[in-house]
Amino acid sequence: MILPRFAWLCLALLVSMPSAAAEPQAPVPVQSTPKLEILNQQIKANAEDAKAYSNRGYTLALLGRKDEARADLQRAVALSGKAPMRNRAGWAYFNMGDFADAVREFEAAAKLSGHQAHYDYYSLVLGYWGVGNTLRALENYQLAVERDPRLGENKSLHERTLEWTALEQRAMHETYVLWSKAWRP
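Since the model is a prediction, treat every value here as computed from it, not as a measurement.

Cut-off values and rules
- Residues numbered from 1 in each chain as written.
- Predicted model: local features only at pLDDT ≥ 70, side-chain atom pairs only at ≥ 80, totals over all residues.
- Heavy atoms only, no water.
- Salt bridge = Lys/Arg side-chain N within 4 Å of Asp/Glu carboxyl O.
- Helix = DSSP H or I, 4+ residues; strand = E, 2+ residues; numbered from the N terminus.
- Buried < 20%, exposed > 50% of the residue type's maximum accessible area, 1.4 Å probe, protein only.
- Contact = heavy atoms within 4.5 Å.
- Axes fitted to C-alpha atoms, helices over the stretch in contact; angles between N-to-C directions.
- Parallel < 35°, antiparallel > 145°, perpendicular 65-115°, else oblique.
- Left-handed = near helix turned anticlockwise from the far one by under 90°.
- Core = buried A, V, L, I, M, F, W, Y, C linked by side-chain atoms within 4.5 Å.
- Expected span 1.5 Å × (residues − 1).
- Arc of directions from axis to C-beta.

Visitor: Honestly, the pattern of salt bridges in this entry has me stumped. Any pointers?
Guide: The tally for this structure, following the rule as stated, stands at 12 salt bridges. Arg 86 is the salt-bridge partner of Glu 105, the closest N and O atoms lying 2.4 Å from each other. Residue Glu 105 is found in helix H6 (residues 99–113), and its partner Arg 86 is found in helix H5 (residues 83–96); the two are separated by 19 residues along the sequence. For Glu 105, a relative accessible area of 3% translates into the label buried. Through salt bridges with shared partners, a single network forms among Arg 86, Asp 101, Arg 104 and Glu 105.

Spelled out as structure tokens, the structure:
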């Protein structure tokens, strides 16, 4: 008698649970955050503030509002096409999964800075990882380590990237693992 009741209970639980094979639902874009409100006010106060557009574009990208993010990033680069602005745009494009656009911006930033900015090489690692160009990602990882030796050790790489997004961390970690096993001199 207990066995049939147990079987029915198990069946009821299975039916009431969502299917494990079901596709996860896409997250609903977040419409506002305190940071986004501050950036909106900054832009309202100064419509020529490239940094505010860039920061809002990055924030919108992280919140899943890709079309708005792209518009802000294009505006930011139009207002200031300098290396730091191009690099910021690249990070936002990267986080939206627009890897070809990220590479374009990272390459432009590195060229404009003469490859002298501290972030040039590790930004390029992200972009090349995103487009699947493993050789270029590894070459730039080596250059990044030469510039910042902390990137050459797993523990310090982890500490260095703690506040990065999960996608940014994944790209750097996967490239580090491959670099440490197959590239490191």
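So that's the structure; there's more coming.
Visitor: Would you take a moment to explain the environment of Ala 144 for this structure?
Guide: With respect to the element layout, Ala 144 can be found in helix H8 (residues 134–147). Residue classification places Ala 144 among the buried positions, given a relative accessible area of 2%. The spacing of Ala 144 and Ser 123 is 21 residues in sequence and 9.0 Å in space, taken between C-alpha atoms. In contact with Ala 144, other than residues within four places in its own chain, are Tyr 121, Tyr 122 and Leu 151.

Visitor: Would you take a moment to explain the packing of helix H3 (residues 50–62) against helix H4 (residues 66–79) for this structure?
Guide: How two helices sit against one another is set out by the angle between their axes and by the gap between those axes. Viewed as axis vectors pointing N to C, H3 and H4 meet at an angle of 155°, and their least axial separation amounts to 8 Å. By the angle between their directions, the pair H3 and H4 is classed as roughly antiparallel. Of the two possible hands of crossing, H3 and H4 adopt the one that is left-handed. Packed against H3, whose contacting residues are Ala 50, Tyr 53, Ser 54, Arg 56, Gly 57, Tyr 58, Leu 60 and Ala 61, the element H4 presents Glu 68, Ala 69, Asp 72, Leu 73, Arg 75, Ala 76 and Leu 79 at the interface.

Visitor: Whenever I open this one, the nonpolar core confuses me. Can you help?
Guide: The biggest cluster of nonpolar side chains holds 46 residues, and the ones touching the most others in it are Tyr 122, Leu 126, Tyr 141, Leu 151 and Met 172. The element that contributes the greatest number of residues to this core is H5, accounting for eight residues. Once you skip the residues sitting within four places of it in the chain, Leu 151 turns out to touch Tyr 122, Tyr 141, Ala 144, Val 145, Leu 157, Arg 160, Met 172 and Tyr 176.

Visitor: So what exactly am I meant to see when it comes to the side chain of Thr 59 here?
Guide: Locating Thr 59 in the fold gives a position in helix H3. When its relative accessible area of 9% is taken as the criterion, Thr 59 is described as buried. When neighbours within four sequence positions are excluded, Thr 59 is seen to be in contact with Lys 35, Leu 36 and Leu 39.

Visitor: Which parts of the structure should I look at to understand the environment of Gly 152?
Guide: Tracing the backbone through its elements, the reader meets Gly 152 in the loop between H8 and helix H9 (154–160). With a relative accessible area of 4%, Gly 152 lands in the buried category. Sequence separation between Gly 152 and Val 177 is 25 residues, and the spatial gap between their C-alpha atoms is 9.9 Å. Ignoring anything within four residues of it in the chain, the contact list for Gly 152 reads Val 145, Tyr 176, Trp 179 and Arg 184.

Visitor: I keep staring at helix H2 (residues 34–45) and nothing clicks. Help me out?
Guide: Given 3.6 residues per turn, any residue in an α-helix points the same way as the ones three and four places further on. Between the first and last C-alpha of H2 there are 17 Å, a value that for 12 residues agrees with the 16 Å anticipated at 1.5 Å per step. Among all positions in H2, only Leu 36, Leu 39 and Ile 43 are buried. In an axial view of H2, the angular spread of the buried residues amounts to 60°, which keeps them on one side of the axis. Among the exposed residues of H2, those pointing more than 90 degrees away from its buried face are Pro 34, Ile 38, Lys 44 and Ala 45. At its buried positions, H2 is contacted by H3.

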